[in-house]
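Letter by letter, the chains look like this.
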Amino acid sequence: MTSKDRITLYYSPQSRATGTRVLLEELGAPYDLHALNMKVGEQRQPAYLAINPLGKVPLIRHGDALVTEQVAIYIYLADLFPEAGLTPALDDPRRGPYLRWIAYYGSSFEPALIDKFMKHEPTPPAQSPYSDYDSMLGVLETQLSRGPYLLGDRMTAADILWGVAFNWTMMFGLVPEKDVFKAYAERITSRPAFQRISAADDAMAAEHAAACG
Ligand SMILES: N[C@@H](CCC(=O)N[C@@H](CS)C(=O)NCC(=O)O)C(=O)O
């Protein structure tokens, strides 16, 4: 499979799949959308569960490869298009930190976010995958304060993941609107790729809502 082979993105607007679509645009990747109307539960129909038993988006198909999980998808796609310059090469000293920040999203940030959203009783730090919410977020704040991007001066795919995530989590009040987070998110959301996909998402979300009757 090469970067010339088209990618199919299984997609719902205004969801965790939005960032993947922004990344595809930033990479200049050839892709097709397979939209699922979550308002009518298409992600839980047998046809989709057959390829993603969890019924979640994003999912990408590239040849015979099916890839779920944002962190895997971001690493996969950015590596597929190295010429876009959004991934440090294997021998680049930034490669380790790059992987760290992408993995941190799935392993620490998301579990913390859901615990906060659901108002779960905090797990003792030693047993929690993310220690505690404030420590988890504090680590990000410290890193982003060095800015402008997670790895310094050059934007990587990790920043698309995190910029889009900060944007929606601040919107939902799950992350405090600190200047450092706002400025960081704006660096990504002000880019043409995000602006394009955000407008397209508004239109698709309206179509999906209308299809509910
Ligand atoms: N662990 C997955 C989570 C993806 C996820 O939660 N997707 C949500 C959209 S925001 C979804 O598809 N929800 C539909 C459902 O569960 O019915 C990832 O990081 O890719």
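About the thresholds
Residues numbered from 1 in each chain as written. Predicted model: local features only at pLDDT ≥ 70, side-chain atom pairs only at ≥ 80, totals over all residues. Heavy atoms only, no water. Near = heavy atom within 4 Å. Polar contact = N/O pair within 3.5 Å; in protein donor to acceptor, adjacent residues only side chain to side chain. Areas by Shrake-Rupley, 256 points an atom, 1.4 Å probe, with all protein chains shown as cover. 1 Å grid on protein atoms, 1.4 Å probe; cavity = no way out; pocket = protein on both sides within 12 Å on 5 of 7 lines; lining within 4 Å. Sits in = over half its atoms within 2 Å of the grid points. Phe/Tyr/Trp six-rings, centres within 6.5 Å; stacked < 30°, edge-to-face > 60°. Helix = DSSP H or I, 4+ residues; strand = E, 2+ residues; numbered from the N terminus. Lys NZ or Arg CZ within 6 Å of the ring centre and 35° of its normal.

1. Focus on the site of the ligand
Here's step 1: Inspection of the region around the ligand gives Ser15, Arg16, Met38, Gln43, Arg44, Gly55, Lys56, Val57, Pro58, Glu69 and Gln70 as its neighbouring residues.
Here's step 2: Within the side chain of Arg44, one N or O atom sits 2.8 Å away from an oxygen atom of the ligand.
Here's step 3: The backbone of Val57 places a nitrogen or oxygen atom 2.8 Å from a nitrogen atom of the ligand.
Here's step 4: Coverage of the ligand by the protein chains reaches 78% of its 520 Å² of free accessible surface.
Here's step 5: When atom positions are compared with the pocket grids, the ligand is found to occupy the second largest pocket.

2. Examining the packing of aromatic side chains
Here's step 1: Tallied over the full model, the rule gives 11 aromatic pairs.
Here's step 2: Arranged with centres 5.4 Å apart and planes meeting at 70°, the rings of Trp101 and Tyr104 form a pair that is edge-to-face. Within this pair, Trp101 and its partner Tyr104 are both found in helix H4 (residues 95-117), separated by 3 residues, close to a single helical turn.
Here's step 3: On the numbers, 5.8 Å between centres and 40° between planes, the contact of Trp162 with Phe166 is tilted. Residue Trp162 and its partner Phe166 are located together in helix H6 (residues 157-171), separated by 4 residues, close to a single helical turn.
Here's step 4: An aromatic cluster is present here, built from Trp101, Tyr104, Tyr105, Phe109, Trp162, Phe166, Phe181 and Tyr184 joined pairwise through their rings.
Here's step 5: A cation sits over an aromatic face here: Arg21 above Tyr11, 5.3 Å from the ring centre.
Here's step 6: In this structure, Arg100 packs its charged tip against the face of Trp101, placed 4.1 Å from the ring centre.

Honestly, that's just the spatial picture; any functional story needs more than this.
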